[in-house]
Amino acid sequence: MIDISYIRAQFPILETKIRDKYPLIYLDNAATTQKPIAVINSLLDYYTKYNANVHRGVHYLSGLATDMFEQSRVAVQEFINAKHSQEIIFTRGTTESLNLLAHCFAKSFLSQADTVMITQMEHHSNIVPWQIASEDYGFKLDYLTFDDNGEIEDFEKKILSAKPKLLSICHISNTLGTINDIKHIIDFCHKHDCLVAVDAAQSIAHKVIDVQSLDADFLAFSGHKVYAPMGVGVLYGKKDLLDKMAVYHGGGEMIKTVTMEKTTYNGLPYKFEAGTPSVADVIGLAAALKWLKEMSFEDIIAHEDEVFQYAANRLKEVKDLRIFGNAKDKSSCISFLADGVHHLDLGTLLDAMGVAIRTGHHCAEPVMQKFGIAGTDRLSIAAYTTKDEIDVFMQSLDKALKMLR
């Protein structure tokens, strides 16, 4: 069981007064999480004690920065239980990770006769890169649909009929909150010669992820969704697959030798990490993962599940309010619309009362199209979210709806 007061005290931004009046009720964690002081201090330490470019430098600061950078890679490896540290590729976020994967996988493994499959519930970052790669390399792009509850339809039937080379799928939907049964999906796909890439942007902060136990072929996530700084992300891939994949960006670090006639490329993980990385943010990611472990990640997950269920039950009590996504297994976020109320108007009024939620299509327009709507209001929770905050949100929601109806 966690000490929620102790956890909240580690997030300075939670003391913010909105318009110098209302205490901040931050319920936009699916967009980005706030940062604990341990992460903030890790950035300060880097820039005040060992700011230097990593790798190849012979001077003291460069060596220290390089050690911290590579220790951070090991921290990520251990957090998701990857077999090798070389399987951890640092990127700018889930979006870059999935763009890298789509381009390099297509170039290395796909022909025009092949199919890649995604789903209708994906974030744009797991749709658009595959569409671009399909246009560039000529493979077929297909997708799984979901039902009115937000659960994938006819998964096994569609895999058997389409015979995809790879399925790229979110672990948790950023709009519906649906938790897809990734273990079952991977096991079934592997039996039918289909690799699986997991978009873990929403699940990395809410689920214990073990890539070896899952047998995931690829997995992507962003640091800023899991209490780390913006500007850093991860692409995990099995070593044998990454070794065979073509390079992505060209420049420094990803090379072994360069002549005017030919370039030979570096080994893993560096062949995918061209240019100066965001060193401070990578170190901040390691600090965030260490913080989660110290706070007991399992206890945080249990706390979040309790708060999430409390919020879902409270919202179900509101008259003429529709919740989108009613899967049996849900987590992290709830999308909803109040009848006769525009989602932007409701979000604006809640903000005026100090409550931060997200409004719009949440970079998941196909989800909105499925339900015939333009957007929703979405609340999403984190380790520091409390039932008391949900109560304040509900009081503010009641006031706003009375003003708008």
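Residues numbered from 1 in each chain as written. Predicted model: local features only at pLDDT ≥ 70, side-chain atom pairs only at ≥ 80, totals over all residues. Heavy atoms only, no water.

> Whenever I open this one, the overall build of the protein chain confuses me. Can you help?
Helix and strand counts for the protein chain come out as 14 helices and 17 strands. Expected size for 405 residues packed as a compact globule is a radius of gyration near 22 Å; at 22 Å, the protein chain falls within 12% of this value. Its C-alpha atoms give the protein chain principal-axis dimensions of about 70 × 55 × 35 Å. Burial statistics for the protein chain: of 405 residues in total, 56% are counted as buried. Counted over contacts in the protein chain with a minimum sequence separation of 6, partners at least 24 positions apart contribute 72%. Surface exposure of the protein chain reaches about 17500 Å², of which carbon and sulfur atoms provide 51%. A distance of 1 Å separates the average location of the 41 positive side-chain charges in the protein chain from that of its 52 negative side-chain charges. (Helix = DSSP H or I, 4+ residues; strand = E, 2+ residues; numbered from the N terminus. Rg over C-alpha atoms; globule rule 2.2 N^0.38 Å. Buried < 20%, exposed > 50% of the residue type's maximum accessible area, 1.4 Å probe, protein only. Contact = heavy atoms within 4.5 Å. Areas by Shrake-Rupley, 256 points an atom, 1.4 Å probe, with all protein chains shown as cover. Lys, Arg positive; Asp, Glu negative; His and termini not counted. Charge placed at Lys NZ, Arg CZ, Asp CG, Glu CD.)

> Help me understand the packing of helix α11 (residues 297-316) against helix α14 (residues 387-404) in this model?
Their axes nearest at 10 Å, the elements α11 and α14 cross at an angle of 20 degrees. Classified by the angle between their axes, α11 and α14 sit roughly parallel to one another. When you trace α11 past α14, the crossing you get is right-handed. For the pair formed by α11 and α14, the contact residues are Glu 306, Val 307, Tyr 310, Ala 311, Arg 314 and Leu 315 on the first element and Lys 387, Ile 390, Asp 391, Phe 393, Met 394 and Leu 397 on the second. Looking at the contact of α11 with α14 residue by residue, the class counts come to eight nonpolar, no polar and four charged. (Axes fitted to C-alpha atoms, helices over the stretch in contact; angles between N-to-C directions. Parallel < 35°, antiparallel > 145°, perpendicular 65-115°, else oblique. Left-handed = near helix turned anticlockwise from the far one by under 90°. Nonpolar A, V, L, I, M, F, W, Y, C, P; charged D, E, K, R; others polar.)

> Would you take a moment to explain the packing of aromatic side chains for this structure?
By convention here, two paired aromatic rings are described through the distance between centres and the angle between planes. Enumeration over the complete set of coordinates arrives at 15 aromatic pairs. Consider the rings of Phe 11 and Trp 291, whose centres lie 5.4 Å apart with planes at 90 degrees: the pair is edge-to-face. Of this pair, Phe 11 sits in the loop between α1 (4-8) and β1 (17-18) while Trp 291 is found in helix α10 (residues 279-294), placing the two residues 280 residues apart along the sequence. Residue Phe 11 shares its accessibility class with Trp 291, and that shared class is buried. Ring plane angle 85 degrees and centroid distance 6.0 Å describe the contact between Phe 105 and Phe 218, whose orientation is recorded as edge-to-face. A residue pair is termed long-range when its members are at least 10 positions apart, and Phe 105 in helix α4 (residues 94-109) and Phe 218 in strand β9 (residues 218-222) qualify at 113 residues. By relative accessible area, which is 0% here, Phe 218 ends up buried. By way of ring pairs, the aromatic residues Phe 11, Tyr 227, Trp 291 and Tyr 384 are connected into one cluster. The cationic tip of Lys 370 hangs over the ring face of Phe 146; the distance from NZ or CZ to the ring centre is 5.5 Å. (Phe/Tyr/Trp six-rings, centres within 6.5 Å; stacked < 30°, edge-to-face > 60°. Lys NZ or Arg CZ within 6 Å of the ring centre and 35° of its normal.)

> Teacher, can you tell me more about the pattern of salt bridges here?
Pairs can form between side chains of opposite charge once their charged atoms are near each other. This model, assessed by the stated rule, comprises 19 salt bridges. We note a salt bridge from Glu 253 to Arg 56, for which the minimum N-O separation is 2.2 Å. Taken together, the residues span a long stretch of sequence, with Glu 253 in the loop between α9 (239-244) and β11 (255-258) and Arg 56 in the loop between α2 (37-49) and α3 (60-80) at a distance of 197 residues. Taking the shortest distance from any N to any O, the salt bridge between Glu 96 and Arg 92 comes out at 3.4 Å. Taking the relative accessible area as the measure of exposure, Glu 96 reaches 12% and is therefore buried. Linked by salt bridges that have partners in common, Asp 28, Arg 358 and Arg 378 make up one network. (Salt bridge = Lys/Arg side-chain N within 4 Å of Asp/Glu carboxyl O.)

Geometric descriptors of this kind do not, in isolation, establish any biological role.
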